[in-house]
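Spelled out, the chains give:
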Amino acid sequence: MKATVYVTIKQNVLDPQGSAVQGALHSMGFAEVEKVRVGKYLELELDTTDRSEAEARITAMCEKLLANTVIEDYRFELEG
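Residues numbered from 1 in each chain as written. Predicted model: local features only at pLDDT ≥ 70, side-chain atom pairs only at ≥ 80, totals over all residues. Heavy atoms only, no water.

Visitor: Run through the overall build of the chain, naming residues and quoting values.
Guide: Summing up its helical and strand segments, the chain has two helices and three strands in all. Starting at the N terminus and walking to the C terminus, you meet the elements of the chain as β-α-β-α-β. Against the compact-globule benchmark of 12 Å for 80 residues, the chain has a radius of gyration of 16 Å, which places it well outside the compact range. Summed over all atoms, the accessible surface of the chain reaches about 5600 Å², with 54% contributed by carbon and sulfur. (Helix = DSSP H or I, 4+ residues; strand = E, 2+ residues; numbered from the N terminus. Rg over C-alpha atoms; globule rule 2.2 N^0.38 Å. Areas by Shrake-Rupley, 256 points an atom, 1.4 Å probe, with all protein chains shown as cover.)

Structure, rendered in structure tokens:
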């Protein structure tokens, strides 16, 4: 089973990396970019066919390691 995990900075948290990317884009002539938020994208292959078990395990992984839940949100999708 394949899990795709998306981790993003919470909306109320400043994103200095996103601001730096926005500034770089502006300096390259892409003035139409109003806001940039930077996050993480992860793909995990799981050795299970039990969807509910996979959801529970991915949630645990996100809560314990993949996301800092104080300042980040996460969501995931399962295929297979």
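Visitor: Kindly report on helix α1 (residues 16–27), identifying the contributing residues and their values.
Guide: Here α1 contains twelve residues, and its C-alpha end-to-end distance of 16 Å stays within 8% of the 16 Å for a straight helix at 1.5 Å per residue. The positive-phi residue at the C-terminal boundary of α1 is Gly-29, with phi of around 95°. (Expected span 1.5 Å × (residues − 1).)

Visitor: Give a description of the environment of Val-33 that names residues and reports values.
Guide: Mapped onto the elements, Val-33 comes out in the loop between α1 and β2 (39–45). Separated by twelve residues in the primary sequence, Val-33 and Val-21 have C-alpha atoms spaced 9.9 Å apart. Once you skip the residues sitting within four places of it in the chain, Val-33 turns out to touch Gln-22, Leu-25 and His-26. (Contact = heavy atoms within 4.5 Å.)

Visitor: I'd like to hear about the pattern of salt bridges, residue by residue, with values.
Guide: What the rule picks out here adds up to four salt bridges. Between Glu-43 and Lys-2 there is a salt bridge whose closest N-O contact spans 3.6 Å. One end of the pair, Glu-43, is in strand β2; the other, Lys-2, is in strand β1 (residues 2–9), and 41 residues separate them in sequence. Measuring nitrogen to oxygen at the nearest pair gives 3.9 Å for the salt bridge that ties Lys-40 to Glu-72. (Salt bridge = Lys/Arg side-chain N within 4 Å of Asp/Glu carboxyl O.)

Visitor: Let's hear about the sheet that holds β2: which residues, and what values?
Guide: Read from one edge to the other, the open sheet built from three strands follows the order β2-β1-β3, with strand pairing classed as antiparallel. Each end of this open sheet is capped by a strand with a single partner; those strands are β2 and β3 (72–79). Shown here is a sheet whose adjacent strand axes are inclined to one another by a mean of 15°, direction ignored. Sitting on the sheet, helix α2 (residues 51–66) is in contact with β1, β2 and β3, with an inclination near 155° to β3. (Pairing = 2+ DSSP bridges. Axes fitted to C-alpha atoms, helices over the stretch in contact; angles between N-to-C directions.)

Visitor: Can you tell me about the environment of Gly-39, naming the residues and giving the values?
Guide: Within the secondary structure layout, Gly-39 lies in strand β2. For Gly-39, a relative accessible area of 46% corresponds to the partly exposed category. If near-sequence neighbours (up to four positions away) are discounted, Gly-39 is found in contact with Val-7 and Thr-8. (Buried < 20%, exposed > 50% of the residue type's maximum accessible area, 1.4 Å probe, protein only.)

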